[in-house]
Amino acid sequence: MLHFFSRQKKQILPLSVTRHLFSTAAPAATTTTASSNLYSKYSFVPPPSLKPQNPNSTQPHSQSPSKKQPKPRYRPPSSLDRTGEKPVQSRLPFDFRFSYTESSTEVRPIGLREPKYSPFGPGKLDRVWTGVCAPVVDPKVGSAEDEKTVEEKRRVMRERIQGEPLTNAERKALAETCQRHKTKRQVNLGRDGLTHNMLNDIHNNWKHAEAVRIKCMGVPTVDMKNVCTQLEDKTFGKIIHRHGGLLVLYRGRNYHPKKRPVIPLMLWKPHEPVYPRLIKTTIDGLSIEETKEMRKNGLAVPALTKLAKNGYYGSLVPMVRDAFLTEELVRMDCKGLPKSDYKKIGCKLRDLVPCILVTFDKEQIVVWRGKNYEPSANGFFLTEREPFDDSNNDSDNREEENESRKGIPGDSDYDSGDSD
């Protein structure tokens, strides 16, 4: 019975009574807090976050809450930033150009398409960029004697690197190691020709092999003699094999990869300068009506050949020369080729055949042989395939074989019989 009464619900006081009790207990709590010993006995100091922050109060910077500083934005390293670095000094004895085969020192441009910003980067090279090239001799200071000195230095440097010429057996062995079924290592030479950065690629290949295979395609193959000359002149190597557009370039007996020349790289392709127009309004020696009639007849002439994109054009100049023996106008179909490509081909034909450009309309190259045409007899063009055999080496090998056979009795008797 007592257990039953103990589990009864407690009596709930009315709201007015609770308010009265709370008001009478509040002053007692304040008196106990005021008389508390937390500050004196335990040295209790509230953290700054619990203190009331007054904006007008002057607090030292050390006591103010520290704010997290934002991270600086990531800035990738730039190759154009040359602060504290000296310009690169290259001892190569020739002018730096973007393309050595597609630019000529004989033709001067009539204007530039951009300011004279060096494609090597600001302050990266110790040579002045003229808008076309970076000459080894400053044109404002240099003279003709300095250019002769540079040519002599280039010749001496080439002879020192090449050393003794290869024998026919050594040349054939090196050429065999560079064939397609032996190695995949190859440098491609395209419509821009032999570019400046390609020299660095060739030297990188010479680290691992004595010779490198170079495949030539497109516009530069019109004049393969110029391609071979520039390759040997700028790399100081030696071409030991050629079949069509495939070349094998030998580095030389005394070449050392760790002593290779410093070749600063171009960071971008500079704009080509402005050259005189290839085709004028009227052809020299003809009137306006005759020029229009010749262009109309030239487009109606049967095409001599159709040029493929990135093809091999090594036989184009002899074909045009042979066609001029019977025809006055020659047309070449260039459909599918970029406009800049067949314009460069026409410019090369004008200088190599030689001939007169008539029109480039409708993706065609039409050339005229001129009024008083005479076949060129002094022009030298490379054949489809060159053996590169040296007759002197063959004679030396025969002498060595004869000396080695002197110890054989049958050979000595045969030699004495010939002498009689």
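Up top is the structure.
Rules behind the numbers
Residues numbered from 1 in each chain as written. Predicted model: local features only at pLDDT ≥ 70, side-chain atom pairs only at ≥ 80, totals over all residues. Heavy atoms only, no water. Core = buried A, V, L, I, M, F, W, Y, C linked by side-chain atoms within 4.5 Å. Buried < 20%, exposed > 50% of the residue type's maximum accessible area, 1.4 Å probe, protein only. Helix = DSSP H or I, 4+ residues; strand = E, 2+ residues; numbered from the N terminus. Pairing = 2+ DSSP bridges. Axes fitted to C-alpha atoms, helices over the stretch in contact; angles between N-to-C directions. Contact = heavy atoms within 4.5 Å. Salt bridge = Lys/Arg side-chain N within 4 Å of Asp/Glu carboxyl O. Right-handed = clockwise from strand over helix to strand, strands pointing away.

Caption draft 1: How the structure looks around the nonpolar core. One finds F96, I214, L231, L247 and L249 to be the most contacted residues of the largest nonpolar core, which totals 31 residues. When contributions to this core are tallied by element, the ones reaching two or more residues are helix 4 (144-162), strand 3 (186-189), helix 6 (196-205), strand 4 (211-216), helix 7 (224-235) and strand 6 (246-250). In terms of residue count, helix 7 provides more of this core than any other element does, four residues in total. With 25 residues, the next largest nonpolar core counts V219, C334, V353 and Y373 among its residues.

Caption draft 2: Broad picture of the sheet that holds strand 7 (residues 303-306). If you walk across this open sheet you meet the four strands as 7-8-10-9, and the pairing is mixed. Both outer strands of the open sheet, strand 7 and strand 9 (356-359), are each paired with one neighbouring strand and no more. Adjacent strand axes in the sheet meet at a mean angle of 30° when their direction is disregarded. Across the sheet, helix 9 (residues 316-323) is in contact with strand 7, strand 8 (329-333) and strand 10 (364-368); its angle to strand 7 comes to roughly 170°.

Caption draft 3: Fine view of the pattern of salt bridges. According to the stated counting rule, one finds 11 salt bridges in the structure shown. Between E232 and R158 there is a salt bridge, with its nearest N and O atoms 3.8 Å apart. Placement of the pair is E232 in helix 7 and R158 in helix 4, with a sequence separation of 74 residues. A residue is classified by how much of its surface remains accessible, and E232, at 19% relative accessible area, is buried. The class for R158 is partly exposed, based on a relative accessible area of 23%. Note that D192 and K269 form a salt bridge whose closest N and O atoms lie 3.6 Å from each other. One end of the pair, D192, is in the loop between strand 3 and helix 6; the other, K269, is in the loop between strand 6 and helix 8 (288-300), with 77 residues separating them in the sequence.

Caption draft 4: Focus on the pairing of strand 8. Burial analysis of strand 8 places five of its five residues in the buried class, the great majority of the element. Every second residue of strand 8 is oriented toward a common face, with L329, R331 and D333 on one face and V330 and M332 on the other, all of them buried. Here three bridges tie strand 7 to strand 8, and the two strands are oriented parallel to one another. Pairing of K306 across the sheet is with D333, part of strand 8. In the classification by handedness, the crossover that spans strand 7, the intervening helix 9 and the parallel strand 8 is right-handed.

Keep in mind that these numbers describe shape and distance, not what the molecule does.
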